[in-house]
Amino acid sequence: MQRWRGLEDIPQDWGRSVVTIGSYDGVHRGHQLIIRHAVDRARELGVPAVVVTFDPHPSEVVRPGSHPPLLAPHHRRAELMADLGVDAVLILPFTTEFSQLSPADFVVKVLVDKLHAKAVVEGPNFRFGHKAAGNVEFLATQGKTYDFEVEVVDLYVTGAAGGGEPFSSTLTRRLVAEGDVEGAAEILGRPHRVEGVVVRGAQRGRELGFPTANVETLPHTAIPADGVYAGWLHAQGEAMPAAISVGTNPQFEGTERTVEAYAIDRVGLDLYGLHVAVDFLAFVRGQAKFDTLDALLVQMGQDVEKCAELVAAEGAA
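Residues numbered from 1 in each chain as written. Predicted model: local features only at pLDDT ≥ 70, side-chain atom pairs only at ≥ 80, totals over all residues. Heavy atoms only, no water.

### Some words on the overall build of the protein
Then, number 1: Scanning the protein from N- to C-terminus turns up 10 helices and 12 strands.
Then, number 2: Each of the 317 residues in the protein was classed as buried or not, and the buried ones make up 49%.
Then, number 3: Here the analysis covers contacts within the protein between residues at least 6 apart in sequence; of these, 72% occur between residues at least 24 apart.
Then, number 4: Carbon and sulfur atoms make up 50% of the accessible area of the protein, which amounts to about 14800 Å² in all.
Then, number 5: Charge-centre separation for the protein: the mean point of 28 positive side chains lies 4 Å from the mean point of 42 negative side chains. (Helix = DSSP H or I, 4+ residues; strand = E, 2+ residues; numbered from the N terminus. Buried < 20%, exposed > 50% of the residue type's maximum accessible area, 1.4 Å probe, protein only. Contact = heavy atoms within 4.5 Å. Areas by Shrake-Rupley, 256 points an atom, 1.4 Å probe, with all protein chains shown as cover. Lys, Arg positive; Asp, Glu negative; His and termini not counted. Charge placed at Lys NZ, Arg CZ, Asp CG, Glu CD.)

Given below as structure tokens:
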């Protein structure tokens, strides 16, 4: 799959394509419906399927300081899109200047002049251009002028997550923030993932017999509520069952929120400086401060045992 950053990265000889545009944070099951439809349509027409997305999130430029927590960094979104059959991802740097583009100018500069769209696939509430003035109806009128089709796909899937609310990135972020990682996984179609580089922490886990990978998460990452979770630690091409702690470590008067993963029953792991990923499978308990260190150690042992059971049960499902 090709990855382009900016319009200038698009090959000059790029031909017709089927395009879908959106932030697509998380590439959740609703997004997957649109992207798969775009890929299927591209195969029918014999042209590539292209996803256009933005960096940073448009809200950060339009309303500075409002950047939402991100469910997936751009490289992860690209991986997920590649798995769906996408041929190219175009990341457009979202600047103040770019935000001023009228819907008509956006169509010409991006869809017509650069991507030579043959069809554009979007959800019913798609908005674009300056002050989000463009919608799918406007896009359809532009398509008649510039010879591209517009197809609208209903991305609204619902389930038990969020009490039956339609699946969305906003709902997923809320569930993650509440610690409902199982509800988030229902929407995403996979566990919520946090990524980053392993850095040296206070090394208390090692001293207590549970050495953890202290993950320095990427900017704006959606991090689950404080507590203990069962999940997986992905490192060096391996997925290891893990007990994951999120929080400030109140037992030792900590103030900084951290994400730490203990690879269950693994000895001698040296992950410092490596980029790793942590998948959250299930919430185990909230963050707590114990009366004694011995009580903490007993609880940690029980946590690890519970996490191992949950991961094993998921693997057998």
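### Here's the deal with the sheet that holds strand E9 (residues 227-235)
Then, number 1: Around the barrel, which closes on itself, the 6 strands sit in the order E7-E8-E11-E10-E9-E12 with antiparallel pairing between neighbours. If you compare each strand with its neighbour and ignore which way they point, the axes differ by 45° on average.
Then, number 2: In the sheet, strand E7 (residues 192-199) pairs with strand E8 (residues 213-217) via 4 bridges, with the strands oriented antiparallel. When the sheet's bridge partners are listed, Val197 is paired in E8 with Glu216. (Pairing = 2+ DSSP bridges. Axes fitted to C-alpha atoms, helices over the stretch in contact; angles between N-to-C directions.)

### Some words on the packing of helix H7 (residues 169-178) against helix H8 (residues 181-188)
Then, number 1: At a closest axis distance of 7 Å, the pairing of H7 and H8 adopts a crossing angle of 155°. With respect to H8, the element H7 is oriented roughly antiparallel. The interaxial crossing formed by H7 with H8 has left-handed handedness. Contacts from Leu171, Thr172, Leu175 and Val176 of H7 reach H8 at Gly183, Ala184, Ile187 and Leu188.
Then, number 2: Here the residues of the contact of H7 with H8 sort into 6 nonpolar, 2 polar and no charged. (Parallel < 35°, antiparallel > 145°, perpendicular 65-115°, else oblique. Left-handed = near helix turned anticlockwise from the far one by under 90°. Nonpolar A, V, L, I, M, F, W, Y, C, P; charged D, E, K, R; others polar.)

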